Amino acid sequence: MTSKTIQKLDLPCYMFDCRECLRPSSFMDIAQELAAAGSADGGFSDQDIAKHGLVWILARMKVVFNKVPHRCDSVTAETWHRGLSGPYFIRDYRLLDTDGGVAVSSTSTWVIMDTASRRAVRGDHITDIIPSSPQCDEEAAGDPADKIIFPKNAAGTIVAEHKVVYSDLDYNGHANNAKYTLWALDVLPPELTTNNTPKEITVNFNNEARLGEVVTLLHCQHANVHIVEGRSNGLQVFIEKIIY
(Lines give C-alpha, C1' and ligand atoms only; values in the text may rest on other atoms or scores of the structure.)
Protein backbone atom coordinates (compact mmCIF):
# COMPACT_ATOMS: atom_id res chain seq x y z
CA MET A 1 0.00 0.00 0.00
CA THR A 2 1.43 3.39 -0.98
CA SER A 3 -0.22 6.70 -0.23
CA LYS A 4 1.96 9.75 0.37
CA THR A 5 1.46 13.47 0.54
CA ILE A 6 4.02 14.95 -1.86
CA GLN A 7 4.93 18.61 -2.35
CA LYS A 8 7.48 20.43 -4.50
CA LEU A 9 9.25 23.10 -2.46
CA ASP A 10 11.46 26.04 -3.39
CA LEU A 11 13.24 26.63 -0.12
CA PRO A 12 13.35 30.32 0.93
CA CYS A 13 16.58 31.99 1.96
CA TYR A 14 15.56 32.45 5.61
CA MET A 15 15.71 28.67 6.12
CA PHE A 16 19.49 28.60 5.66
CA ASP A 17 22.47 29.21 7.92
CA CYS A 18 25.75 31.08 7.44
CA ARG A 19 27.07 28.26 5.20
CA GLU A 20 23.92 28.42 3.05
CA CYS A 21 22.91 24.98 4.40
CA LEU A 22 19.40 24.15 5.56
CA ARG A 23 19.08 24.77 9.29
CA PRO A 24 18.00 21.67 11.25
CA SER A 25 15.23 23.74 12.81
CA SER A 26 14.04 24.70 9.32
CA PHE A 27 13.51 21.04 8.54
CA MET A 28 11.38 20.85 11.70
CA ASP A 29 9.31 23.75 10.34
CA ILE A 30 8.89 21.94 7.03
CA ALA A 31 7.89 18.75 8.82
CA GLN A 32 5.17 20.59 10.75
CA GLU A 33 3.59 21.76 7.52
CA LEU A 34 3.94 18.31 5.96
CA ALA A 35 2.30 16.68 8.98
CA ALA A 36 -0.62 19.09 8.77
CA ALA A 37 -1.04 18.48 5.03
CA GLY A 38 -0.63 14.72 5.35
CA SER A 39 -3.12 14.33 8.19
CA ALA A 40 -5.62 16.50 6.31
CA ASP A 41 -5.23 14.31 3.22
CA GLY A 42 -5.92 11.28 5.40
CA GLY A 43 -8.99 12.80 7.01
CA PHE A 44 -7.54 13.05 10.52
CA SER A 45 -6.24 16.62 10.69
CA ASP A 46 -6.28 18.78 13.82
CA GLN A 47 -9.68 20.08 12.76
CA ASP A 48 -11.03 16.61 12.01
CA ILE A 49 -10.10 15.04 15.34
CA ALA A 50 -11.04 18.19 17.30
CA LYS A 51 -14.67 17.30 16.53
CA HIS A 52 -14.13 14.27 18.75
CA GLY A 53 -12.46 16.24 21.54
CA LEU A 54 -8.98 15.04 20.55
CA VAL A 55 -5.68 16.70 19.68
CA TRP A 56 -2.39 15.54 18.18
CA ILE A 57 0.69 15.80 20.46
CA LEU A 58 4.20 15.41 19.05
CA ALA A 59 6.20 13.21 21.44
CA ARG A 60 9.47 12.37 19.70
CA MET A 61 11.28 13.02 16.45
CA LYS A 62 14.40 11.69 14.74
CA VAL A 63 16.00 13.42 11.75
CA VAL A 64 18.87 12.06 9.66
CA PHE A 65 20.76 14.49 7.41
CA ASN A 66 22.19 12.64 4.42
CA LYS A 67 22.84 15.41 1.90
CA VAL A 68 21.92 18.81 3.25
CA PRO A 69 19.98 21.09 0.87
CA HIS A 70 21.62 24.41 0.03
CA ARG A 71 20.21 27.86 -0.62
CA CYS A 72 18.14 28.12 -3.80
CA ASP A 73 17.72 24.34 -4.00
CA SER A 74 14.36 22.87 -4.93
CA VAL A 75 13.30 19.71 -3.16
CA THR A 76 10.47 17.22 -3.16
CA ALA A 77 8.95 16.75 0.28
CA GLU A 78 6.94 13.67 1.13
CA THR A 79 5.20 12.34 4.21
CA TRP A 80 3.03 9.40 5.16
CA HIS A 81 1.17 7.95 8.11
CA ARG A 82 3.08 4.83 9.18
CA GLY A 83 0.31 3.54 11.39
CA LEU A 84 0.17 2.52 15.03
CA SER A 85 3.12 1.23 17.05
CA GLY A 86 2.05 0.37 20.58
CA PRO A 87 0.38 3.50 22.00
CA TYR A 88 1.98 5.76 19.39
CA PHE A 89 1.15 6.89 15.88
CA ILE A 90 4.15 7.16 13.56
CA ARG A 91 4.61 9.66 10.74
CA ASP A 92 7.62 9.63 8.40
CA TYR A 93 9.11 12.29 6.13
CA ARG A 94 11.68 12.66 3.37
CA LEU A 95 13.23 15.53 1.45
CA LEU A 96 14.45 14.45 -1.97
CA ASP A 97 16.94 16.40 -4.06
CA THR A 98 16.50 17.18 -7.75
CA ASP A 99 18.03 13.81 -8.67
CA GLY A 100 15.61 11.94 -6.44
CA GLY A 101 18.24 11.19 -3.79
CA VAL A 102 17.27 11.31 -0.12
CA ALA A 103 18.61 14.53 1.39
CA VAL A 104 16.84 14.35 4.76
CA SER A 105 14.88 11.49 6.30
CA SER A 106 12.83 11.59 9.47
CA THR A 107 10.39 9.72 11.65
CA SER A 108 8.09 11.20 14.30
CA THR A 109 6.07 9.75 17.16
CA TRP A 110 2.67 11.13 18.15
CA VAL A 111 0.09 10.59 20.85
CA ILE A 112 -3.56 11.55 20.87
CA MET A 113 -4.78 13.50 23.87
CA ASP A 114 -8.34 13.94 25.09
CA THR A 115 -8.75 17.71 25.50
CA ALA A 116 -11.24 17.35 28.36
CA SER A 117 -9.31 14.89 30.53
CA ARG A 118 -5.85 16.00 29.32
CA ARG A 119 -4.94 12.32 29.15
CA ALA A 120 -3.52 10.26 26.31
CA VAL A 121 -5.95 8.06 24.41
CA ARG A 122 -4.90 4.62 23.21
CA GLY A 123 -4.65 4.51 19.45
CA ASP A 124 -6.39 1.13 19.23
CA HIS A 125 -9.46 2.72 20.85
CA ILE A 126 -9.93 5.27 18.05
CA THR A 127 -9.28 3.29 14.87
CA ASP A 128 -12.60 4.55 13.51
CA ILE A 129 -11.10 8.06 13.61
CA ILE A 130 -7.42 7.42 12.86
CA PRO A 131 -6.44 4.24 11.02
CA SER A 132 -3.97 1.92 12.73
CA SER A 133 -2.69 0.58 9.40
CA PRO A 134 0.03 2.44 7.47
CA GLN A 135 -0.63 4.54 4.39
CA CYS A 136 2.78 3.44 3.12
CA ASP A 137 4.98 0.52 4.22
CA GLU A 138 8.28 2.38 3.72
CA GLU A 139 10.41 3.40 6.71
CA ALA A 140 12.16 6.70 6.13
CA ALA A 141 14.54 6.63 9.10
CA GLY A 142 14.27 3.15 10.60
CA ASP A 143 12.85 2.56 14.05
CA PRO A 144 10.91 5.30 15.87
CA ALA A 145 12.90 7.77 17.96
CA ASP A 146 14.21 6.45 21.27
CA LYS A 147 13.82 7.87 24.74
CA ILE A 148 16.87 10.03 25.47
CA ILE A 149 18.72 9.94 28.78
CA PHE A 150 22.08 11.27 29.88
CA PRO A 151 24.88 8.68 29.73
CA LYS A 152 25.43 6.64 32.89
CA ASN A 153 27.40 8.54 35.54
CA ALA A 154 27.10 11.73 33.50
CA ALA A 155 25.15 14.85 34.30
CA GLY A 156 24.38 17.95 32.33
CA THR A 157 26.14 21.21 33.04
CA ILE A 158 24.05 24.38 33.05
CA VAL A 159 25.13 26.42 30.02
CA ALA A 160 22.34 28.96 29.53
CA GLU A 161 18.86 30.10 30.41
CA HIS A 162 16.25 31.03 27.84
CA LYS A 163 13.21 33.11 28.68
CA VAL A 164 10.31 32.19 26.40
CA VAL A 165 9.43 35.26 24.34
CA TYR A 166 6.89 36.26 21.72
CA SER A 167 8.93 34.94 18.78
CA ASP A 168 9.07 31.45 20.34
CA LEU A 169 5.29 31.01 20.43
CA ASP A 170 3.08 29.20 17.96
CA TYR A 171 -0.70 29.16 17.53
CA ASN A 172 -1.05 26.82 20.52
CA GLY A 173 0.32 29.55 22.80
CA HIS A 174 3.50 27.71 23.80
CA ALA A 175 7.05 27.48 22.45
CA ASN A 176 7.01 25.80 19.06
CA ASN A 177 8.81 22.45 18.89
CA ALA A 178 11.29 23.71 16.28
CA LYS A 179 12.52 26.35 18.76
CA TYR A 180 13.99 23.66 21.03
CA THR A 181 16.45 22.66 18.31
CA LEU A 182 17.40 26.32 17.84
CA TRP A 183 18.01 26.69 21.57
CA ALA A 184 20.01 23.46 21.69
CA LEU A 185 22.29 24.37 18.78
CA ASP A 186 22.79 27.88 20.12
CA VAL A 187 24.47 26.54 23.29
CA LEU A 188 26.92 24.29 21.43
CA PRO A 189 30.41 25.58 20.55
CA PRO A 190 30.08 28.01 17.61
CA GLU A 191 33.14 26.57 15.90
CA LEU A 192 31.18 23.30 15.70
CA THR A 193 27.78 24.62 14.63
CA THR A 194 29.00 27.22 12.13
CA ASN A 195 31.19 24.73 10.27
CA ASN A 196 29.11 21.55 10.39
CA THR A 197 25.61 20.17 10.00
CA PRO A 198 24.57 17.43 12.43
CA LYS A 199 24.41 13.91 11.04
CA GLU A 200 21.40 13.08 13.19
CA ILE A 201 19.11 14.78 15.69
CA THR A 202 16.64 13.14 18.06
CA VAL A 203 14.28 15.14 20.27
CA ASN A 204 11.92 14.09 23.06
CA PHE A 205 9.15 16.66 23.65
CA ASN A 206 7.95 16.21 27.24
CA ASN A 207 6.30 19.39 28.51
CA GLU A 208 5.23 22.73 27.11
CA ALA A 209 7.05 26.02 27.73
CA ARG A 210 4.88 29.14 27.91
CA LEU A 211 5.45 32.86 27.53
CA GLY A 212 7.67 34.31 30.24
CA GLU A 213 8.85 30.96 31.60
CA VAL A 214 12.59 30.47 31.98
CA VAL A 215 14.02 27.28 30.50
CA THR A 216 17.36 26.21 31.97
CA LEU A 217 19.56 24.51 29.37
CA LEU A 218 21.98 21.77 30.38
CA HIS A 219 24.64 20.23 28.13
CA CYS A 220 26.59 16.98 28.17
CA GLN A 221 29.07 15.74 25.54
CA HIS A 222 30.44 12.26 24.86
CA ALA A 223 32.71 12.03 21.81
CA ASN A 224 30.68 13.36 18.85
CA VAL A 225 27.36 13.16 20.70
CA HIS A 226 25.89 16.21 22.41
CA ILE A 227 22.85 16.07 24.68
CA VAL A 228 20.97 19.24 25.57
CA GLU A 229 18.16 19.24 28.11
CA GLY A 230 15.70 22.05 28.81
CA ARG A 231 14.09 22.26 32.25
CA SER A 232 11.49 24.64 33.65
CA ASN A 233 9.53 24.67 36.90
CA GLY A 234 11.08 21.35 37.93
CA LEU A 235 10.00 19.59 34.72
CA GLN A 236 11.91 18.39 31.70
CA VAL A 237 10.58 20.43 28.77
CA PHE A 238 12.69 18.63 26.18
CA ILE A 239 15.86 16.63 25.76
CA GLU A 240 17.75 16.50 22.47
CA LYS A 241 20.58 14.30 21.17
CA ILE A 242 22.73 15.81 18.43
CA ILE A 243 25.28 13.67 16.61
CA TYR A 244 28.04 15.24 14.49
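Okay, so let's go over this structure. (Residues numbered from 1 in each chain as written. Predicted model: local features only at pLDDT ≥ 70, side-chain atom pairs only at ≥ 80, totals over all residues. Heavy atoms only, no water.)

## A few points about the pattern of salt bridges
Side-chain pairs of opposite charge can arise whenever the charged atoms involved come near each other. Filter applied, for reference: For salt bridges, the criterion is a side-chain nitrogen of Lys or Arg within 4 Å of an Asp or Glu carboxyl oxygen.
Counted by the stated rule, this structure contains eleven salt bridges. As a salt-bridge pair, Asp17 and Arg19 come within 3.8 Å of each other at their nearest N and O atoms. Linking Glu208 and Arg210 is a salt bridge whose minimum nitrogen-to-oxygen distance equals 3.0 Å. Several salt bridges converge on common partners, so that one network encompasses Lys4, Glu78, Arg94 and Glu138.

## Thoughts on the pairing of strand 3 (residues 74–85)
Formally: Relative accessibility under 20% of the residue-type maximum defines a buried residue, over 50% an exposed one, and the middle range a partly exposed one, all with a 1.4 Å probe and only protein chains included. Secondary structure elements follow DSSP: runs of H or I of four or more residues count as helices, runs of E of two or more count as strands, with numbering from the N terminus. Any two strands with at least two DSSP-identified bridges between them are counted as paired.
Strand 3 sits mainly inside the fold: nine of its twelve residues count as buried. Bridge count between strand 1 (residues 5–10) and strand 3: six bridges; the pairing is antiparallel. Directly across from Leu9, in strand 3, lies its bridge partner Val75. Where strand 3 and strand 4 (residues 88–96) come together, nine bridges link them in antiparallel fashion. Looking at strand 4, one finds that Thr79 is bridged to Tyr93. The hairpin formed by strand 3 and strand 4 contains two residues between the paired strands, and Gly86 there has a positive phi angle of roughly 65 degrees.

## Details of the layout of surface pockets
Basically, it comes down to this: A 1.4 Å probe that fits into a set of points on a 1 Å grid over the protein atoms alone but cannot get out defines a cavity; an open set with protein on both sides within 12 Å along at least five of seven lines defines a pocket, and lining residues are those with an atom within 4 Å of a point. Grid points are joined across faces, edges and corners, and a volume is the space filled by probe spheres set on the points.
In this structure, the second largest pocket spans a volume of roughly 260 Å³. Together, 18 residues line the second largest pocket, and Asp17, Arg23, Leu185, Asp186 and Thr193 are the ones closest to its centre. Contributions of two or more residues to the lining of the second largest pocket are made by helix 1 (24–42), helix 3 (177–186) and helix 4 (190–193). Top contributing element to the lining of the second largest pocket by residue count: helix 3, with three residues.

## Some details on helix 1
Applicable threshold: Expected span of a helix: the number of residues minus one, times 1.5 Å.
Under the 1.5 Å per step criterion, the end-to-end length of helix 1 is 27 Å for 19 residues, consistent within 8% with the ideal 27 Å. Residues of helix 1 that are buried: Pro24, Ser25, Ser26, Phe27, Met28, Ile30, Ala31, Leu34, Ala35, Ala37, Gly38 and Ser39. Of the residues one or two after helix 1, Gly43 is the one with positive phi, at around 85 degrees.

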